[in-house]
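# Structure assessment
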Amino acid sequence: VEPQLSGDFATLMEWADGVRRLKVRANAETPLDADTARKFGAEGIGLCRTEHMFFDPARIGVVRQMIMTDSEGGRREALARLLPFQRADFIELFRIMAGLPVTIRLLDPPLHEFLPHSEEEIGELATAMGSDLVTMQRRAADLAEANPMLGHRGCRLGISYPEIYEMQARAIFEAAVATAKETGAAPVPEIMIPLVATKKELEITRAQVDKVAKEVFAESGVTIEYYVGTMIELPRAALTADKIAEVADFFSFGTNDLTQTTFGLSRDDAGKFLPVYVEKGILPKDPFVSIDIEGVGALVKIAKEKGRSVKSDLKLGICGEHGGDPASIAFCEEAGLDYVSCSPYRVPVARLAAAQAALSSGGGDRTA
Ligand code: PEP
Ligand code: MG
């Protein structure tokens, strides 16, 4: 479907934009998604999930080698091969978004998604890496986790293997410099660190990003304005948001993981029994669809209060699936967030819901 808004619908959207306070961004990592998002009126990218870029068939083999090698040199070699791909990804996104904010989240895969899954894949990797089958099998077994969603993912991976985030930061800054040189308009990247639970994690990863920024600016002679922030997607991050805010330029609530970790409920399996819970009235709605105001919502508000007590202008957004759900958008308005970010096709719904929420909360210009 060619995305476009026309006629009465476009007019309605303009009215909605006249009354809403919340900005609306989109979750997008492909040029097609970014383009669709813009056509539907997104005011930026609120979440670019970079791990999706790693699954491209031309890259996944190198990504697997990067994870499966046990030497830093081997990892750096694989990452050097991935850098041009990643730089090209960001140049394309920056071009399409033409100066609108682009929030790029550094790698956050559950590690098992990058591990070889069959004996055949292990065999292929052994050949490609000049290793033997037994060593590869042992390595795959060492890296396998019983509970990958609570394991070696997000910033934990960036801390164990700093060269991964360094490559991504380099790709982002080199792409921003190239775009600035080509178009004369510099993008302003917002680099987002996933699965942060402690201030120290953000301090360490932020320092990696800042170091690479300095290097690229010195090499290119161009300086780019950028921000480094964190996802708030673990209860501990919400409860210590005042400390985390000391090193964050922005927070984005990852309410998918925040719902999973607040309820202690696997986001991948919840569908198996949640309908019964809703039917029996234990939960009013599926909390992975509509934000659980009493629990997850309370954590969002705590993080906002604590974060803004340290930085009064701390930018706050939401990028979980809830960012496209009207009831959750009403909550975001009431909680005082700055923007919601949702899938590109939900952007028009989000624009309307944000306007509705502004009107119901007494804000917005009813005459617009
Ligand atoms: C989240 O956890 O809400 C989020 C946006 O990140 P992901 O869905 O990629 O884990
Ligand atoms: Mg998440």
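Quick summary incoming for the structure in this document. (Residues numbered from 1 in each chain as written. Chains lettered and ligands numbered in written order. Predicted model: local features only at pLDDT ≥ 70, side-chain atom pairs only at ≥ 80, totals over all residues. Heavy atoms only, no water.)

## As for the overall build of the protein
So the rule is basically this: Working definition: helices are DSSP H or I runs of at least four residues, strands are E runs of at least two. Numbering for both runs from the N terminus. The reference for a compact globule is 2.2 Å times residues^0.38; the radius of gyration itself is calculated from the C-alpha atoms. Under the scheme applied here, a residue whose accessible area is under 20% of the maximum for its type counts as buried, over 50% as exposed, and between as partly exposed, the area being computed with a 1.4 Å probe on protein chains only. A contact between two residues is defined here by any heavy atoms of the two lying within 4.5 Å. All accessible areas in this document rest on Shrake-Rupley with a 1.4 Å probe, and a residue is counted as covered only by the protein chains that are shown. When charges are tallied, Lys and Arg are placed among the positive residues and Asp and Glu among the negative ones, while His and the ends of the chain are skipped. By convention, charge coordinates are those of NZ in Lys, CZ in Arg, CG in Asp, or CD in Glu.
Regarding its fold elements, the protein presents 17 helices and eight strands. The C-alpha radius of gyration of the protein comes to 21 Å, within 12% of the 21 Å expected for a compact globule of 368 residues. Projected onto the principal axes, the alpha-carbon positions of the protein cover approximately 70 × 55 × 45 Å. When the 368 residues of the protein are sorted by exposure, 53% land in the buried category. For the protein, restricting intrachain contacts to residue pairs at least 6 apart in sequence, the fraction spanning at least 24 positions comes to 74%. For the protein, the exposed surface amounts to about 15,700 Å²; the carbon and sulfur share of it is 54%. Of the side-chain charges in the protein, 41 are positive and 54 negative, and the distance between the mean point of each set is 4 Å.

## Remarks on the site of ligand 1
Applicable threshold: When at least one non-hydrogen atom of a residue lies within 4 Å of a molecule or strand, that residue is treated as near it. Definition of a polar contact: a pair of N or O atoms within 3.5 Å, with one able to donate and the other able to accept a hydrogen when the atoms are protein atoms, and with sequence-neighbouring residues admitted only if both atoms are side-chain atoms. Classification convention: Asp, Glu, Lys, Arg as charged; Ala, Val, Leu, Ile, Met, Phe, Trp, Tyr, Cys, Pro as nonpolar; all other residues, Gly among them, as polar.
In the neighbourhood of ligand 1, 13 residues make up the surrounding shell, with Arg49, Arg105, Gly254, Asn256 and Arg267 lying closest. Within the side chain of Arg267, an N or O atom sits 2.7 Å from an oxygen atom of ligand 1. Residue assignment for the shell around ligand 1 shows that the elements contributing at least two residues are strand 2 (45-49) and helix 13 (255-263). In terms of residues, the shell around ligand 1 owes the most to one element, helix 13, which gives three residues. Tallied by class, the residues present in the shell around ligand 1 amount to three nonpolar, four polar and six charged.

## Description of the nonpolar core
Let me state the cut-off plainly: We call a set of buried residues a nonpolar core when its members are Ala, Val, Leu, Ile, Met, Phe, Trp, Tyr or Cys and they connect through side-chain atoms within 4.5 Å of each other.
Residues Phe54, Phe90, Phe173 and Phe251 are the most contacted members of the largest nonpolar core, which totals 98 residues. Examining the composition of this core, we find that eleven residues originate from one element, helix 9 (residues 162-183), more than from any other. Those residues in contact with Phe251, other than ones at most four positions away along the chain, are Thr230, Ile232, Ala241, Ile244, Ala245, Ala303, Gly307, Leu314, Lys315, Leu316 and Gly317.

## Observations regarding the sheet that holds strand 6 (residues 250-253)
What counts is decided by this rule: Strand pairing follows a simple DSSP-based rule, namely that at least 2 bridges must link the two strands. Here an axis means a line fitted to C-alpha atoms, over the contact stretch when the element is a helix, while the angle between two N-to-C directions is reported on a 0 to 180 degree scale.
Taken in spatial order, the eight strands close into a barrel running 1-2-3-4-5-6-7-8, and their pairing is parallel. In this sheet, adjacent strand axes meet at a mean angle of 25 degrees when their direction is disregarded. In this structure, strand 3 (residues 102-105) lies alongside strand 4 (residues 189-193), joined through four bridges in parallel fashion. Across the sheet, Val102 pairs through a bridge with Pro189, a residue of strand 4. Sitting on the sheet, helix 10 (residues 199-220) touches strand 4 and strand 5 (227-232), and the angle it makes with strand 5 is about 150 degrees.

## A short note on the coordination of the magnesium ion (ligand 2)
Worth spelling out the cut-off: Counted as donors are N, O and S atoms no farther than 2.8 Å from the metal, or 3.2 Å for Na, K and Ca; water is not among the atoms, and sites may therefore look incomplete.
Around the magnesium ion (ligand 2), the protein contributes the donor atoms Glu233 (OE) and Asp257 (OD), at 2.0 to 2.2 Å from the metal centre. Of this pair, Glu233 sits in the loop between strand 5 and helix 11 (235-239) while Asp257 sits in helix 13, and the two are 24 residues apart along the sequence. Each of the two residues, Glu233 as well as Asp257, counts as buried.

## So, the environment of Phe54
Turning to its location among the elements, Phe54 is positioned in helix 3 (residues 50-54). For Phe54, the contacting residues outside a window of four places in its chain are Arg59, Ile60, Val63, Met66, Leu82, Gln86, Leu107, Phe114, Met167 and Gln168.

## What about helix 13?
Looking only at helix 13, the buried set comprises Thr255, Asn256, Asp257, Leu258, Thr259 and Gln260. Residues of helix 13 that are buried in the fold lie against strand 2, strand 5, helix 11, strand 6, helix 15 (296-310) and strand 7 (315-318). Positive backbone phi, at 65 degrees, marks Gly264, one or two positions downstream of helix 13.

## Describing the side chain of Arg49
Note the cut-off: By convention in these notes, a salt bridge is any Lys or Arg side-chain nitrogen within 4 Å of a carboxyl oxygen on Asp or Glu.
With respect to the helices, strands and loops of the structure, Arg49 is situated in strand 2. Salt bridges are absent for the buried Arg49, whose nearest opposite-charge side chain, Glu321, sits at 4.2 Å. Contact partners of Arg49, with chain neighbours within four places excluded, come to Asn27, Glu29, Arg105, Asn256 and Glu321.

It is worth stressing that arrangement in space is one thing and function is another; only the former is reported here.
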